[in-house]
Structure formats: structure tokens, C-alpha cells
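# Structural features, examined
Single-letter residue listing:
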Amino acid sequence: MHAMVLKVPGTALEWTDLADRQPGPGEIRVKVAACGVCRTDLHVVDGELPDPQLPIIPGHEIVGRIDAMGAGVGGLQIGERVGIPWLAHTCGVCPYCVGHQENLCDSPAFTGYTRDGGFATATIADARFAFPLGEVGGDVELAPLLCAGLIGWRSLVSAGGGSNLGLYGFGAAAHIVAQVAKWQERSVFAFTRPGDAATQAFARRLGANWAGGSDETPPFPLDAAIIFAAVGDLVPLALRAVRKGGRVVCAGIHMSDIPSFPYRLLWEERQLVSVANLTRQDGIDFLRLAPQIGIVTQTTRYPLEQANRALADLRAGRFDGAAVLVP
Ligand SMILES: [Zn+2]
Ligand SMILES: [Zn+2]
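## A short note on the coordination of the zinc ion (ligand 2)
Bound to the zinc ion (ligand 2) are the protein donor atoms Cys38 (SG), His60 (NE2) and Cys147 (SG), situated 2.0 to 2.2 Å from the metal. Written as a sequence motif, the donor residues of the zinc ion (ligand 2) are C-x21-H-x86-C. Taken together, the positions of Cys38 in the loop between strand S3 (27-37) and helix H1 (39-45) and His60 in the loop between H1 and strand S4 (62-69) put the pair 22 residues apart, joining distant regions of the chain. In terms of burial, Cys38 and His60 fall into one category: buried.

## Structural notes on the coordination of the zinc ion (ligand 1)
The zinc ion (ligand 1) binds to the protein through Cys91 (SG), Cys94 (SG), Cys97 (SG) and Cys105 (SG), with metal-donor distances spanning 2.3 to 2.4 Å. Classification of the site at the zinc ion (ligand 1) rests on its 4 donor atoms, whose angles at the metal span 103 to 120°, yielding the label tetrahedral. Between consecutive donor residues of the zinc ion (ligand 1), the sequence gaps follow C-x2-C-x2-C-x7-C. Here the residue Cys94 occupies a position in the loop between strand S6 (87-89) and helix H2 (95-98), and Cys105 occupies one in the loop between H2 and strand S7 (109-110), the gap between them amounting to 11 residues. Residue classification places Cys105 among the buried positions, given a relative accessible area of 7%.

## A word on the nonpolar core
Core analysis: the largest hydrophobic core is formed by 92 residues, its most contacted members being Ile28, Phe119, Leu165, Leu167, Ile226 and Phe286. Top contributing element to this core by residue count: helix H5 (residues 172-183), with 8 residues. With residues near it in sequence (within four places) discarded, Ile28 still touches Pro23, Ile66, Ala68, Met69, Val73, Leu76, Val82, Thr123, Ile124, Ala125, Ala127 and Ala130. Of all hydrophobic cores here, the second largest spans 16 residues; its members include Trp210, Ile227, Val248 and Leu265.

## Things to note about the side chain of Ser158
Following the sequence through the fold, Ser158 ends up in helix H4 (residues 148-159). Excluding residues within four positions of it along the chain, Ser158 makes contact with Arg247, Val249, Val273 and Val275.

## Quick notes on helix H6 (residues 197-205)
Among all positions of H6, only Thr199, Gln200, Phe202 and Ala203 are buried. One face of H6 carries all of its buried residues, which in axial projection span an arc of 155°. Facing away from the buried surface of H6 by more than 90 degrees, the exposed residues are Ala198 and Arg205. Each element contacted by the buried residues of H6 is listed here: H5, strand S11 (187-192) and strand S12 (210-213). Positive backbone phi, approximately 105°, marks Gly207, located one or two places after H6.

## Section: the packing of aromatic side chains
Scanning the model with the defined rule gives 9 aromatic pairs in all. Ring centres of Tyr168 and Phe191 lie 4.0 Å apart, and the angle between their planes is 5°; this geometry places the pair in the stacked category. One end of the pair, Tyr168, is in strand S10 (residues 164-168); the other, Phe191, is in strand S11, with 23 residues separating them in the sequence. With a relative accessible area of 1%, Tyr168 lands in the buried category. Judged by relative accessible area, which is 1%, Phe191 ranks as buried. Taken together, the aromatic side chains of Tyr168, Phe189, Phe191, Trp210 and Phe220 make up a single cluster linked through ring pairs. We note Arg280 situated over the ring of Phe129; from NZ or CZ to the ring centre the distance is 3.9 Å.

Analysis parameters
- Residues numbered from 1 in each chain as written.
- Chains lettered and ligands numbered in written order.
- Predicted model: local features only at pLDDT ≥ 70, side-chain atom pairs only at ≥ 80, totals over all residues.
- Heavy atoms only, no water.
- Donors = N, O, S within 2.8 Å, 3.2 Å for Na, K, Ca; no water.
- Helix = DSSP H or I, 4+ residues; strand = E, 2+ residues; numbered from the N terminus.
- Buried < 20%, exposed > 50% of the residue type's maximum accessible area, 1.4 Å probe, protein only.
- Tetrahedral: all angles 85-135°; square planar, octahedral: opposite > 155°, others 65-115°.
- Core = buried A, V, L, I, M, F, W, Y, C linked by side-chain atoms within 4.5 Å.
- Contact = heavy atoms within 4.5 Å.
- Arc of directions from axis to C-beta.
- Phe/Tyr/Trp six-rings, centres within 6.5 Å; stacked < 30°, edge-to-face > 60°.
- Lys NZ or Arg CZ within 6 Å of the ring centre and 35° of its normal.

Right, dumping it as C-alpha cells:
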């Protein structure tokens, strides 16, 4: 197999030939058809997340087909198309796992961070954490659903049912969440980098009722806002934009420091919360809904060996929607 491997954080991924791996008990081997590039991959590569397994193959928005199975795998078949998400393994016995919060497991494994991921021609996964994807939709188009879609969905649920929803940072996740929120008949207010007219136009094409710079005040107070951009300065701005009793959800795994702000921005029962990882139930719920909603992802394809260029383009905001690597 071939893979793009991170050996030292802060350096480029290296094209590497590796021996084919065999799935152990309870594991599947998946021939990768497409793997999305997530901002979290950028955080791993840049060394912004603690204690990655090194060397590591990044990538946790994997779509592919099972080509080998270890002993004891049930409910899946050779040749079946599956999706492999960020949550790679949980312990099953800690208080969080037992309490239906496996996203907060005390001893988890994460694809492309503490376990090899999908910037490769093949990957090994714990079969219990793979999602059957069926045959509807293209591999490349489905890939962004595996994290941008799933974390976006969890964030949207966390934001509550209010009708005026703000999205700060209109990248891969927001472009999916906007479609879900419109399907739910909500109003979407998209906030981009100030002056980013192209992304604002992209948001309007996807049904946003309003799009503007993150420094702008929306025309109506928001019931909730989700912050997808890894920019702590957005927290007080979003709190300022939500109504009394409104909620601000931080959806990212990493964010620059949040500047101090006057307490009155939080007062009147505004809430500031974060979303971490996903549960398998999030995946089941969202992947069941996605075909009904008719989500159309906008993707930019890169050959696997150009993963470094895809990461650089993501960092620089050179495309709208999501980047997807194709082996
Ligand atoms: Zn656990
Ligand atoms: Zn991700």
C-alpha cells in the first residue's frame, strides 16, 4: 500500500510505500476510494493537537470498500462500501461510554490522529466504528459527510431548534449544515472572513438568507450560532449576535485563545458550549437523513500524492466546500 505519512509535525507529509496490512480480530481492511481533508488534519500536521501517534497517516473522512475482514466481524461483507469516521475506537466501559457519551470516552482512538487514517490506498478499521454507506452517491461526494457532515450535524443538534441560525466560518462543515438547516426550514446567516465576497456568494447560493463578514451584525438577533472557524476572536462576536437565552456552539477541536470580553455578552442566559467528536448514533442518525435532505457537497479533488497541496489550499482558503483526496 501507499500512504502520505506525517513523520514530524510541522513538516510535509511524505509519500511512503508500506507493506500491506492484515486486519486483526474485529477489524476490516478498506481499499480507500476517497478521503476528505478536514481542518483537524491541518491541526494534526501543524502539531496543534497533543500526542499524535507518530508516524501517522492522517485522514478521517474515508470512503472505500472492504477487501479483507478479520475474525469475528459481523454484519459487513467483502466489497461493501463503508465510511470510516474520526471516532475509531472507544473502551466501552468508562462512565462516558456507559452513559451514552462515547464521544467523550476516557480511552478513545481517533482515525488519522492516534490510529492510521485514509491518506492512503488502504486502511484498517475497527468494524464496529465503520458505517455502511449503501450505493447511493459518489465516493468523492460522500467523503465530506464523514466528518464535516457528522460534526456539523452534532453541532446543529447542540444548537437547538431555533429558527435563526448563524454559521461562523463557511467551509466544509458549514456548507453541509446550511443545507440541513434550510431543509429544516430555518433561516441561515453565514459569517465569513471580512471582505470574502466569493465565500459569501457561495453561502447565498446554498440558501443562506444573509451572508456577511464576521465583524458585521446580522439583520436579526440569532437564536443560536455555530463557530466552525478555529478563531477564538469569533466567540465574543457570536455571543453579541445571539439573543437572550441564545446559544453559541464551538464546533472545532482546536481554537486560538478566546479574548476576554465583558460579562454582559454572556449574561441574560446566553450559553457557550463546545462539541467534541461524535457518537456512532450521530453517524447513524445523520447518514440516514442525508439522502432525504439531498445534500450536495462541493468538492475539489486532489490526487493522493498531492495531499500537501490540498492541505496548503485548505489553510489558505483557496477553495469553497471540501477537498477530497483520491488514490
Ligand atoms: Zn470509554
Ligand atoms: Zn474532521
